[in-house]
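Observations on chain architecture
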Amino acid sequence: MRPDQPAGDGYADRMADTPPGASLPSPTAPAVPPPGGAGPRMPLRRLGWRRALVLAGTVLFIAACALFMVFTLGENLGVEALLIGVVAAILPVPVLVGCFLWLDRYEPEPLKYLIFCFAWGAFVSTAASLTVNEFSAGLFEDWGLPTALTAVLVAPFIEELTKALGPILLLIFRRREISGITDALVYCGLSAVGFAMVENILYLGGYGYASGVERYGPATGTQQVIAIFIVRILLFGFAHPLFTSMTGVGLGIAARAADRWVRVLAPLAGLLLAMMLHGLWNLLPTLTQATGETLIMLYGFIGVMVPVFFGMVGLAVWLRAWEGRLTERTLPDYVRAGWLTPPEVAALSSLGRRHAARVWAKRVAGDGGLKAMRGYQFAATRLALLRDGALRGLDRRPADRERTAREERELLEAIGAYRSFFVGRDPQVPVGIWDGQRYHLRFPDGTQRSVEAPDEPVVPIPVVLVPPPPPVHPAGFGPPGWYGQQPPAPWHPGHH
């Protein structure tokens with residue numbers, strides 16, 4: 001990978017021209033922290049009283065919905081059926097959650113937002129959906145219509161709307177936490193998993209165990225729980241995450257779009273598609289039961305749901321790889337500016353290379369080096385997403401641009417701090433400096449040599465960086481992020 005692609009013009013390209021603000025370690029005695037030292041941390045947002053108030057209100061609201069669901073299910077099912085339903089419904093949750101966390105390996109989302117979406121789907125969405133569905137079923141019964149229509153005409157709309165509302169709130173109030181379709185799929189998927197878990201408690205505990213015990217005794221109740229578990233969870237456990245993933249695609253497109261109409265229409269289109277797919281899914285067993293034709297369910301499942309499922313899985317896997325390749329497309333601008341080296345960018349392009357870099361960091365710097373490499377990789381991915389957003393024109397307001405510049409500076413400083421934990425630790429490689437164009441290596445015998453960047457760099461090469469010369473500015477003024485004159489390089493870059 002050669003940093004030979006010219007950067008474009010405009011605001012986004014001026015981001016990468018900001019010179020480094022941290023002092024450089026000497027190549028003969030790299031400024032590394034002592035072994036076992038505390039690792040650097042990403043900048044944390046201060047919790048003001050407004051954010052604390054919103055956080056407290058959100059927690060109390062979700063907790064109230066959770067108490068409502070526990071009381072309602074306990075009253076309808078009984079304690080024994082409720083406990084059996086909870087145990088059976090929880091079993092698939094770690095597997096489904098693990099699938100979405102696997103999808104989010106390049107840039108893991110904050111745990112608090114993952115918990116928020118899961119809890120929103122599990123308690124808020126189920127509470128609202130249960131209330132609306134029961135009210136609608138009562139209306140249909142009063143009108144002389146089959147209550148089964150609720151599953152086709154009401155449930156898909158209220159359930160998909162309420163499941164998506166949690167991620168939508170994140171997109172509105174924490175837009176930077178949804179950096180693409182992958183993030184939106186994770187948030188929407190966890191909301192759907194939480195919803196499905198509580199809904200399965202109702203089916204397994206109520207329609208399964210409690211119904212069987214009431215008719216024939218505990219043995220029959222246990223058999224019905226096993227039968228419902230096989231059909232509803234093992235065979236069709238992907239249904240709710242699949243429906244809500246359509247909304248996730250729309251939210252992800254909106255998060256990376258600069259056009260205002262796309263930001264509005266993409267989530268609406270995704271939500272509408274999720275409702276239609278959910279409605280079709282509920283319509284299949286309704287028609288099968290009404291007509292007695294089991295082939296309706298079979299054809300609908302094989303002809304519609306299976307292709308949609310595998311298509312969404314393929315899209316998710318492709319998006320996961322795209323997120324890794326994003327670093328190769330955007331970070332070379334920082335290579336040309338002297339912030340990063342080509343091997344560092346190459347080491348970020350796949351999960352295999354990232355794992356190799358972590359193994360190397362642990363070998364040369366212990367557990368502290370491993371933690372620092374993980375933080376380094378996360379910060380670099382965030383930096384790539386930030387720059388990609390700037391190139392797409394997502395920051396339209398001056399306040400957004402200032403925030404992006406500030407976040408870019410914080411990420412670059414964090415990258416430099418993380419790098420200091422493992423640079424210069426490996427005794428098997430010569431000390432080197434990257435000046436934005438070539439390497440300047442110093443060997444144990446005292447010789448020095450300049451080396452061009454290879455087309456396929458081996459990774460990682462632990463070199464330090466030489467800051468680029470600051471641009472000429474009027475006295476007293478400098479570009480954003482410039483912290484003053486940097487120390488000179490330990491030797492002249494052109495010296496051999």
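Further remarks concern the overall build of the protein. When helices and strands are counted, the protein shows 16 helices and four strands. Within the protein, the fraction of its 496 residues that count as buried is 47%. In the protein, the share of contacts with a sequence separation of at least 24, taken over all contacts with a separation of at least 6, comes to 78%. Of the roughly 24600 Å² of accessible surface on the protein, a fraction of 66% belongs to carbon and sulfur atoms.

Here the protein shows a mean pLDDT of 79. Residues at 70 or above account for 78%. In the predicted structure, residues 1–9 sits below a pLDDT of 50 and forms 25 contacts with residues beyond four places in sequence or in another chain. Long-range and interchain partners of residues 466–496, a stretch whose pLDDT sits below 50, account for 49 contacts in this model, where long-range means more than four residues apart.

Attention shifts here to a nonpolar patch on the surface. On the surface, I226, I230, V231, L234 and L235 cluster together into a nonpolar patch covering about 460 Å² of accessible area. With respect to the helices and strands, the residue V231 is situated in helix α9 (residues 218–235). Overall, V231 belongs to the partly exposed group, its relative accessible area being 42%.

What follows deals with the nonpolar core. Side chains that are nonpolar tend, in soluble globular proteins, to be buried together. In terms of nonpolar packing, the biggest core is built from 61 residues, with L73, L170, I178, L185, Y187 and L204 touching the most fellow members. Looking at this core element by element, the count peaks at 13 residues for helix α8 (residues 181–215). Counting 31 residues, the second-largest nonpolar core is a separate cluster that includes L340, M373, L383 and L385.

Another point: the state of the cysteines. Enumeration according to the criterion identifies zero disulfides in this entry. Of the cysteine sulfurs around C117, a residue in no disulfide, the closest is that of C188, at 7.3 Å. Assessed through its relative accessible area of 0%, C117 is described here as buried.

Here we come to the environment of G237. Its location among the elements puts G237 in the loop between α9 and α10 (239–255). Sequence spacing of G237 and L96 is 141 residues, and the spatial spacing of their C-alpha atoms is 8.8 Å. Beyond its immediate chain neighbours, meaning those up to four positions away, G237 contacts L96 and R232.

Okay, the environment of D333 next. Tracing the backbone shows D333 in helix α13 (residues 332–336). Of the residues examined, D333 reaches a relative accessible area of 9% and is grouped as buried. Considering only alpha carbons, one finds D333 and R387, 54 residues apart in sequence, at a separation of 9.5 Å. A polar contact is formed between the side chain of D333 and the side chain of R387, at a distance of 2.6 Å.

The subject of this paragraph is helix α2 (residues 49–77). Spanning 29 residues, α2 covers 41 Å between terminal C-alpha atoms, matching the ideal 42 Å at 1.5 Å per step. Among all positions of α2, only I62, C65, A66, M69, T72, L73 and L77 are buried. In this structure, the buried side of α2 is in contact with α3 (79–90), α5 (111–142) and α8. Count one or two residues on from α2 and you reach G78, which has phi positive near 95°.

Now for the pattern of salt bridges. Tallying each qualifying case throughout the model produces seven salt bridges. K163 serves as the salt-bridge partner of E160, at 2.7 Å between the closest nitrogen and oxygen. Highlighted residues: E160 and K163, both in helix α7 (residues 155–173), separated by three residues, approximately one helical turn. Assigned by exposure class, E160 and K163 land together as buried. When the shortest N-O distance is used, the salt bridge between R256 and D388 registers 2.7 Å. In this pair, R256 sits in the loop between α10 and α11 (260–291) while D388 sits in helix α15 (residues 351–391), placing the two residues 132 residues apart along the sequence. D388 shares its class with R256; the two are buried. The network of salt bridges with shared partners includes R256, D388 and R392.

Right, let's get into the packing of helix α12 (residues 294–330) against α15. The description of two packed helices rests on the angle between their axes and on the distance between the axes. Direction vectors running N to C along α12 and α15 enclose 85°, while the axes themselves pass 9 Å from each other. Here α12 is positioned roughly perpendicular relative to α15, judged by the angle of their axes. Together, R320, L326, T327 and T330 of α12 and L351, R354, T381, A384, L385, R387 and D388 of α15 make up the contact between the two elements. By residue class, the composition of the contact of α12 with α15 is four nonpolar, three polar and four charged.

Moving on to the side chain of H240. Along the polypeptide, H240 turns up in helix α10. Beyond its immediate chain neighbours, meaning those up to four positions away, H240 contacts E159, E160, K163, A192, F195, A196, E199, R232 and H278.

The next point concerns the packing of aromatic side chains. A full pass over the atoms with the stated rule returns 10 aromatic pairs. Among the aromatic residues, ring-to-ring pairing joins F236, F243, W281 and F301 into one connected group. In this structure, K163 is placed above the aromatic ring of F195, and the distance from its NZ or CZ to the ring centre is 5.3 Å. The ring of W102 has R320 lying over it, and the distance from NZ or CZ to the ring centre is 3.7 Å.

Let us now look at the side chain of S349. One can find S349 in the loop between α14 (342–346) and α15. At 2.8 Å, the side chain of S349 and the backbone oxygen of A346 are in polar contact. In this structure S349 touches Y106, G324, R325, T327 and E328, once residues within four positions along its chain are discounted.

Criteria and cut-off values
- Residues numbered from 1 in each chain as written.
- Predicted model: local features only at pLDDT ≥ 70, side-chain atom pairs only at ≥ 80, totals over all residues.
- Heavy atoms only, no water.
- Helix = DSSP H or I, 4+ residues; strand = E, 2+ residues; numbered from the N terminus.
- Buried < 20%, exposed > 50% of the residue type's maximum accessible area, 1.4 Å probe, protein only.
- Contact = heavy atoms within 4.5 Å.
- Areas by Shrake-Rupley, 256 points an atom, 1.4 Å probe, with all protein chains shown as cover.
- pLDDT = per-residue confidence, 0-100.
- Patch = residues over 30% accessible without salt bridge, like charges linked within 9 Å, V, L, I, M, F, W, Y side chains within 5 Å.
- Salt bridge = Lys/Arg side-chain N within 4 Å of Asp/Glu carboxyl O.
- Core = buried A, V, L, I, M, F, W, Y, C linked by side-chain atoms within 4.5 Å.
- Disulfide = S-S within 2.5 Å.
- Polar contact = N/O pair within 3.5 Å; in protein donor to acceptor, adjacent residues only side chain to side chain.
- Expected span 1.5 Å × (residues − 1).
- Axes fitted to C-alpha atoms, helices over the stretch in contact; angles between N-to-C directions.
- Parallel < 35°, antiparallel > 145°, perpendicular 65-115°, else oblique.
- Nonpolar A, V, L, I, M, F, W, Y, C, P; charged D, E, K, R; others polar.
- Phe/Tyr/Trp six-rings, centres within 6.5 Å; stacked < 30°, edge-to-face > 60°.
- Lys NZ or Arg CZ within 6 Å of the ring centre and 35° of its normal.

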